[in-house]
2 protein chains.
Amino acid sequence: MRQPTIRDVAERAGVSKSLVSLVLRGSDQVRPEKRDAVLRAAQELGYRPNAAARSLSEQRTRTVGVLLNDLRNPWFVDLLDGLNSLLHANGLHMLLADARLNRRTGQDPADPLLDLRVDGLVVVGTLPDPAALGAVAERIPVVLAGSREPAPPGVDVVAGDDERGARLVTEHLIGLGHRRIAHIAGYGAVGELRRGSFEAAMRRHGLAERAVVEPSDMTEEGGYRTTVRLLSGTERPTAVFAVNDMAAIGVLSAAEELGLRVPRDLSVVGYDNTSIARLRHVWLTTVDNTSHEVGRRAARCLLERFEGPGGAGRTQLATPTLEIRGSTAPAP
Amino acid sequence: MRQPTIRDVAERAGVSKSLVSLVLRGSDQVRPEKRDAVLRAAQELGYRPNAAARSLSEQRTRTVGVLLNDLRNPWFVDLLDGLNSLLHANGLHMLLADARLNRRTGQDPADPLLDLRVDGLVVVGTLPDPAALGAVAERIPVVLAGSREPAPPGVDVVAGDDERGARLVTEHLIGLGHRRIAHIAGYGAVGELRRGSFEAAMRRHGLAERAVVEPSDMTEEGGYRTTVRLLSGTERPTAVFAVNDMAAIGVLSAAEELGLRVPRDLSVVGYDNTSIARLRHVWLTTVDNTSHEVGRRAARCLLERFEGPGGAGRTQLATPTLEIRGSTAPAP
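Residues numbered from 1 in each chain as written. Chains lettered and ligands numbered in written order. Predicted model: local features only at pLDDT ≥ 70, side-chain atom pairs only at ≥ 80, totals over all residues. Heavy atoms only, no water.

As annotated in an unreviewed UniProt entry, chain A carries the name DNA-binding LacI/PurR family transcriptional regulator and comes from Streptomyces collinus.

Below, the structure written as structure tokens:
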């Protein structure tokens, strides 16, 4: 049996050879239906791109390491899907390591991946010390995906546009008639950008005085504790925008415990559109980071650096969307 | 600076050298407090066991591959914690691959790990075709963790005792006065064992006629659909025991939609004690598989096979416990 060629893929997908090439390079210029058809045809035929394979010297492992921030918060699952689809279509494998576990045992989080000589590294989520990646980036391509921390030289960043996402949330709540709105804030670049954009949107609508911002550690427990405090005060907010879904779940618990019904008495919005937000039992209004797209773009950055190493790091932002579900309603 | 020795670890932990050795070999004969103190001291000192390192020939990568069934169901997080703590104390790294992602792109799920020549493989959760691991097990040690599928020769199995867990649930519900109890069943060995044990316990209490068993695909959506059907019939059950937490979350959603309050009108129990069951907003009674212990035992199986390869595969069962939370109450 002969190996399938790019021509076979084009025929099966019903597209031109040049369109197949565009898709395999991860181009943005292809409509999603066409892209999916090409990737599906490549998989079904077991197509392996010779060019990509050749461009990697025989020293290479053809494996990309993915360092996950913390497996317990499942926001990264769609991102991995997007990353894997494009890497695989280019003959590359993907291996994962859990940065939290490695930190707990005192290891440098990326070590297990680097020891096996991965060809490239994708860091998913916020790392405590992204600067430490500078030395790695001198040897292999490194991409930060889904986080907005300052990157060392030569490292690409692909993330959702947090300012836009937070603005969508704030305007959704204002549009529902909410005036006194609380933001449960987070930390790091992501936390700062979401908080800043919330405050700016409130200001633009003349509501700066009605905005409440409380810090949190971005966990469920943190969201819970902050909300109990918020809702026990006088002049209680009618809506809460939490920095992420986990904290928003904590808001739901606090509301329940205080006898407030969501969304009748209190609107709640999260961020990340995790699988937990999509559970019917939770059904949380939240921001979708288009993580699948973030993952695909991160893969494209790596592929481009495999072909032509070096050059300054670039930052790309994917456009988030608001997922309106059952946890928001007009102000009481 | 000299390398820390086993004597340094013993001193820091305030225990004997032989106890440190026992812990590093993963012995069951050590009390948890002592074990934790030793592992903590080893980490803090950056201790690397020379013996373990020597016993691995220089051909080895000192890396163990972990193949996860599906990253979207977070039940495996504690298992990885347990696995990693013991592997790391023995100078071994851990890398992960997501079997679902690899299957979707038509790869053999373990390939990315095997291509990088991991020294051993831990398969976490149910694989569609565990027999395919037979060929791998002829080359490197393989352990199945957290699943009860029939294993190929020479493969160890470490899992929770599903029959005991399901019996604990059923007797808890009967003890609360429930008589008409439904079981939302799953598939595979785990599904069969949990269902069989539920039925046996109902029989022992003379309730065989009141037991209802409905199949499901073990997802939230499956649990939801099955429950809507169950609760719309005549002679509605007063308690539902779902095969896993994800299906149990679906039960909660169905109950809510049908206007039934949990636990006043309907008691609900899951299985796995996932992070979702622990969310205050969910607070689900469930079975804890002592996954941390399962992970530690899986690591010990691997370590033993590194020292003395070959021999028949063994099955070890960890003893589960019932976590009683807010979703169960006396029968109405």
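A few words now on the overall build of chain A. In terms of helices and strands, chain A carries 13 helices and 12 strands. What you see for chain A is a C-alpha radius of gyration of 22 Å, in line with the 20 Å of a compact globule of 332 residues. Each of the 332 residues in chain A was classed as buried or not, and the buried ones make up 59%. For chain A, contacts bridging at least 24 residues in sequence account for 71% of all contacts bridging at least 6. Accessible area of chain A: about 13,600 Å², with a carbon and sulfur share of 47%. Considering chain A, the positive charge centre built from 42 side chains and the negative charge centre built from 41 side chains are found 5 Å apart. (Helix = DSSP H or I, 4+ residues; strand = E, 2+ residues; numbered from the N terminus. Rg over C-alpha atoms; globule rule 2.2 N^0.38 Å. Buried < 20%, exposed > 50% of the residue type's maximum accessible area, 1.4 Å probe, protein only. Contact = heavy atoms within 4.5 Å. Areas by Shrake-Rupley, 256 points an atom, 1.4 Å probe, with all protein chains shown as cover. Lys, Arg positive; Asp, Glu negative; His and termini not counted. Charge placed at Lys NZ, Arg CZ, Asp CG, Glu CD.)

Once that is clear, we can look at the sheet that holds strand 9 (residues 267-269) of chain A. Residues and elements named next belong to chain A. Spatially, 7-6-8-9 is the arrangement adopted by the 4 strands of the open sheet, whose pairing is parallel. Of all the strands in the sheet, just strand 7 (211-215) and strand 9 have a single pairing partner and so form its edges. When the angles between neighbouring strand axes are averaged without regard to direction, this sheet yields 15°. Relative to strand 9, strand 8 (residues 239-242) runs parallel, the two sharing 3 bridges. For F241, the partnering residue across the bridge sits in strand 9 and is V269. Along the sheet face, helix 10 (residues 188-204) touches strand 6 (181-185), strand 7 and strand 8 and points at about 165° away from the line of strand 6. (Pairing = 2+ DSSP bridges. Axes fitted to C-alpha atoms, helices over the stretch in contact; angles between N-to-C directions.)

This brings us to the packing of aromatic side chains. Aromatic ring pairs are described here by two measures, namely the spacing of the ring centres and the angle between the planes. Considering all chains together, one arrives at 2 aromatic pairs over all chains under this definition. We note R194 of chain A situated over the ring of Y271 of chain A; from NZ or CZ to the ring centre the distance is 3.5 Å. A cation sits over an aromatic face here: R280 of chain B above Y224 of chain A, 3.6 Å from the ring centre. (Phe/Tyr/Trp six-rings, centres within 6.5 Å; stacked < 30°, edge-to-face > 60°. Lys NZ or Arg CZ within 6 Å of the ring centre and 35° of its normal.)

As a further point, take the nonpolar core. Counting 58 residues, the largest nonpolar core has L80 of chain A together with L80 of chain B as the members making the most contacts within it. Core analysis: the next-biggest nonpolar cluster, separate from the first, contains 44 residues, L284 of chain A together with A182, V212 and V251 of chain B among them. (Core = buried A, V, L, I, M, F, W, Y, C linked by side-chain atoms within 4.5 Å.)

Looking now at the relation of the copies chain B and chain A. With an RMSD of 0.1 Å, the operation that places chain B on chain A is a rotation of 180° combined with a shift of 0.0 Å along the axis. Taken together, the rotation and translation describe the operation of a two-fold axis. Closest to the rotation axis within chain B is the C-alpha of L96 of chain B, separated from it by 2.4 Å. (Least-squares fit on C-alpha atoms with pLDDT ≥ 70 in both.)

Turning next to unusual backbone geometry. Residues and elements named next belong to chain A. The linkage connecting V262 with the following residue, P263, adopts the cis geometry, with an omega of 5°. Relative to the elements of secondary structure, P263 occurs in the loop between helix 12 (245-257) and strand 9. Even without being a glycine, T290 presents a positive backbone phi close to 45°. By secondary structure assignment, the location of T290 is in the loop between strand 10 (286-288) and helix 13 (291-307).

Residues and elements named next belong to chain B. Only one face of strand 11 (residues 315-318) is covered, namely the one carrying Q316 and A318; the face carrying T315 and L317 has none of its residues buried. With 4 bridges joining them, strand 5 (residues 156-160) and strand 11 adopt parallel strand pairing. Its bridge partner being in strand 11, A159 is matched across the sheet by L317.

So, about the side chain of T285 of chain A. Relative to the helices and strands, T285 of chain A is located in the loop between strand 9 and strand 10. Side chain to side chain, T285 of chain A and T328 of chain A meet in a polar contact 2.9 Å long. (Polar contact = N/O pair within 3.5 Å; in protein donor to acceptor, adjacent residues only side chain to side chain.)

Taken residue by residue, the interface counts 43 residues in chain B and 43 residues in chain A. Counting the surface lost from both chain B and chain A, the interface buries some 4,100 Å², and carbon and sulfur atoms represent 60% of this. Counting the surface chain B buries against chain A, the share from its top three residues, L116, R280 and H281 of chain B, is 19%. Scanning the region where chain B abuts chain A turns up 2 salt bridges. (Buried area = accessible area lost by both parts, 1.4 Å probe. Salt bridge = Lys/Arg side-chain N within 4 Å of Asp/Glu carboxyl O.)

Every α-helical turn comprises 3.6 residues, leaving residues that sit three or four positions apart pointing alike. Residues and elements named next belong to chain B. When the terminal C-alpha atoms of helix 12 (residues 245-257) are compared, their 18 Å separation across 13 residues agrees well with the 18 Å that a helix rising 1.5 Å per residue should span. Most of helix 12 is tucked away, with 11 of its 13 residues classed as buried. Where helix 12 is concerned, the buried positions are D245, M246, A247, A248, I249, G250, V251, L252, S253, A254 and A255. In this fold, the buried residues of helix 12 make contact with strand 6 (181-185), helix 11 (220-232), strand 8 (239-242), strand 9 (267-269) and strand 10 (286-288). Immediately beyond the C-terminal end of helix 12, within one or two residues, lies G259, with a positive phi of roughly 75°. (Expected span 1.5 Å × (residues − 1).)

Before going further, it helps to spend a moment on the packing of helix 5 (residues 77-89) of chain B against helix 13 (residues 291-307) of chain B. Residues and elements named next belong to chain B. Running from amino to carboxyl end, helix 5 crosses helix 13 at an angle of 40°, the nearest separation of the two axes being 6 Å. In terms of their interaxial angle, helix 5 and helix 13 are classed as oblique. Between helix 5 and helix 13 lies a crossing whose hand is right-handed. Together, D78, L79, D81, G82, L83, S85, L86 and L87 of helix 5 and S291, H292, V294, G295, R296, A298, A299, R300 and L303 of helix 13 make up the contact between the two elements. For the contact of helix 5 with helix 13, a count of residues per class yields 8 nonpolar, 5 polar and 4 charged. (Parallel < 35°, antiparallel > 145°, perpendicular 65-115°, else oblique. Left-handed = near helix turned anticlockwise from the far one by under 90°. Nonpolar A, V, L, I, M, F, W, Y, C, P; charged D, E, K, R; others polar.)

All names here are of chain B. Here we have 4 strands laid out as an open sheet, ordered 7-6-8-9, and parallel in their pairing. Each edge of the sheet is formed by a strand with only one pairing partner; in this case those strands are strand 7 (211-215) and strand 9. Adjacent strand axes in the sheet meet at a mean angle of 15° when their direction is disregarded.

Residue and element names in this part refer to chain A. Burial analysis of strand 6 places 5 of its 5 residues in the buried class, the great majority of the element. Judged by which residues are buried, strand 6 turns out to be covered on both faces: I181, H183 and A185 on one side and A182 and I184 on the other are all buried. Relative to strand 7, strand 6 is paired through 5 bridges, and the arrangement is parallel. Within strand 7, the position partnered with I181 by the bridge is A211. Traced from strand 6 through helix 10 to strand 7, the parallel crossover comes out right-handed. (Right-handed = clockwise from strand over helix to strand, strands pointing away.)

Another point: a negative patch on the surface. Together, E256 and E257 of chain A together with E256 and E257 of chain B give the surface a local cluster of negative charge. Looking at the negative patch, the elements with two or more residues in it are helix 12 of chain A together with helix 12 of chain B. For E256 of chain B, a relative accessible area of 49% gives the class partly exposed. (Patch = residues over 30% accessible without salt bridge, like charges linked within 9 Å, V, L, I, M, F, W, Y side chains within 5 Å.)

Once that is clear, we can look at the side chain of R300 of chain A. Along the chain, the position of R300 of chain A falls in helix 13. Ignoring anything within four residues of it in the chain, the contact list for R300 of chain A reads R25, G26, S27, D28, L86 and Q316 of chain A.

Okay, the environment of R35 of chain B next. All names here are of chain B. Counting through the fold element by element, R35 comes out in helix 3 (residues 32-45). Residue classification places R35 among the buried positions, given a relative accessible area of 13%. Placed 165 residues apart in sequence, R35 and A200 show a C-alpha to C-alpha distance of 38 Å.

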